[in-house]
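# Chain and residue survey
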Amino acid sequence: MMSANKNNLYPQKSVKKEKSSIKSQIARNPLYYSWRRFCSNRGAVFSGSLLLIIVSMALFAPLITPTSYEEQKFLTENLAFPSAQHWMGVDDLGRDFYTRIVYGARVSLSIGFVAAAFSVLIGLPLGAMAGFFGGPADWIIMRIIEIFSVVPPLLVALLLAALAGGGFISIVFIAALFGWVQVCLLVRAQVMAFRSKEFIRAAQALGGTPAYVLFRHLIPNSISPVIVGFVQAIPLAMMLEAGLSFLGVGIAPPLPSWGQMINIGINFMFFYWHLALFPTLALALTVLSTTLFGDGLRDALDPTLRG
């Protein structure tokens, strides 16, 4: 009776205890430690913010650009240098260069994200199978990875793009063909680390089939490396697209591509520097911010680190 009365007399203390227990539960959540590690990485936070700005510009391109990317509205001002009216100048065909840079972000980012998604779709099941079953399955998949590791990706991509005629779909296919290797290796390592855990053995002892153990336990516990692999595959696909477009077998004009714009800008580089500088700078900033963001995400999601 006395203890109950004491709790009734001091309700604020009990409320504070409940709040402290809730806070301790939140602090013990692995996502809390991952978020704290990510926020402590200033480079990752800055690169993530920069990447968010670039993605937002690409999504809302019609709202923040003065004209269409193919409209030759400024023929009398062609090759004009950057000014208050044209922030990045005018290209050789009288098109606003800032508009084409922004729409070029749409092309590069869409190829990067779509190719990364297909890389995950290919690499995730192959990595899970190699890590879980081992033996002949692991040997075959690792030999395939070795073949893709020794083949120069740009030369093969150039050959395939020339045979396919370039274009968005062929570039996505080629980028996914080389991007799944990293995802597969990350998932394989994660599955191999988890397949001997107690909860996996318990699921097998209870009669769980290999498919059930894979899709119910192992693959959900491999989400962290999948996210990291997805983010790291984006700049690889973007660089591949830029390289193919620079060599003339990528995105066909008038659709703007940063690699294509760099290729054209080199012809005017000694006199009209802005035509090569701005697409090169846009590509470098986007690839660098995506790479740093992926590295920070990998460090934050690493389960071996402690909060």
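Residues numbered from 1 in each chain as written. Predicted model: local features only at pLDDT ≥ 70, side-chain atom pairs only at ≥ 80, totals over all residues. Heavy atoms only, no water.

As a further point, take the packing of aromatic side chains. How two aromatic rings sit relative to each other is set out by the distance from centre to centre and by the angle between their planes. Counting across every chain of the model gives eleven aromatic pairs. Between Tyr-69 and Tyr-103, the ring centres sit 5.2 Å apart and the planes meet at 50 degrees, which makes this aromatic pair tilted. Remark: Tyr-103 occurs in helix H6 (residues 97-133) and Tyr-69 occurs in the loop between helix H5 (61-64) and H6; sequence separation between them is 34 residues. Ring centres of Phe-81 and Trp-273 lie 6.2 Å apart, and the angle between their planes is 35 degrees; on these two criteria the pair is classed as tilted. Placement of the pair is Phe-81 in the loop between H5 and H6 and Trp-273 in the loop between helix H13 (258-266) and helix H14 (274-301), with a sequence separation of 192 residues. An aromatic cluster is present here, built from Phe-81, Tyr-272, Trp-273 and Phe-278 joined pairwise through their rings. (Phe/Tyr/Trp six-rings, centres within 6.5 Å; stacked < 30°, edge-to-face > 60°. Helix = DSSP H or I, 4+ residues; strand = E, 2+ residues; numbered from the N terminus.)

Here the structure, examined in full by the defined rule, presents six salt bridges. Between Arg-143 and Glu-146 there is a salt bridge whose closest N-O contact spans 2.7 Å. In this pair, Arg-143 and Glu-146 are both assigned in helix H7 (residues 135-150), three residues apart and thus about one turn of the helix distant. (Salt bridge = Lys/Arg side-chain N within 4 Å of Asp/Glu carboxyl O.)

Bringing the nonpolar core into the picture now. Counting residues in each nonpolar core, the largest one holds 25 residues, and the members touching the most others are Met-88, Phe-97, Ile-101, Met-238, Trp-258 and Leu-283. Broken down by element, the residue count for this core peaks at eight residues, all from H6. Once residues within four sequence positions are removed from consideration, Trp-258 is found in contact with Ile-101, Gly-104, Ala-105, Ser-108, Met-238, Pro-279, Ala-282, Leu-283 and Thr-286. (Core = buried A, V, L, I, M, F, W, Y, C linked by side-chain atoms within 4.5 Å. Buried < 20%, exposed > 50% of the residue type's maximum accessible area, 1.4 Å probe, protein only. Contact = heavy atoms within 4.5 Å.)

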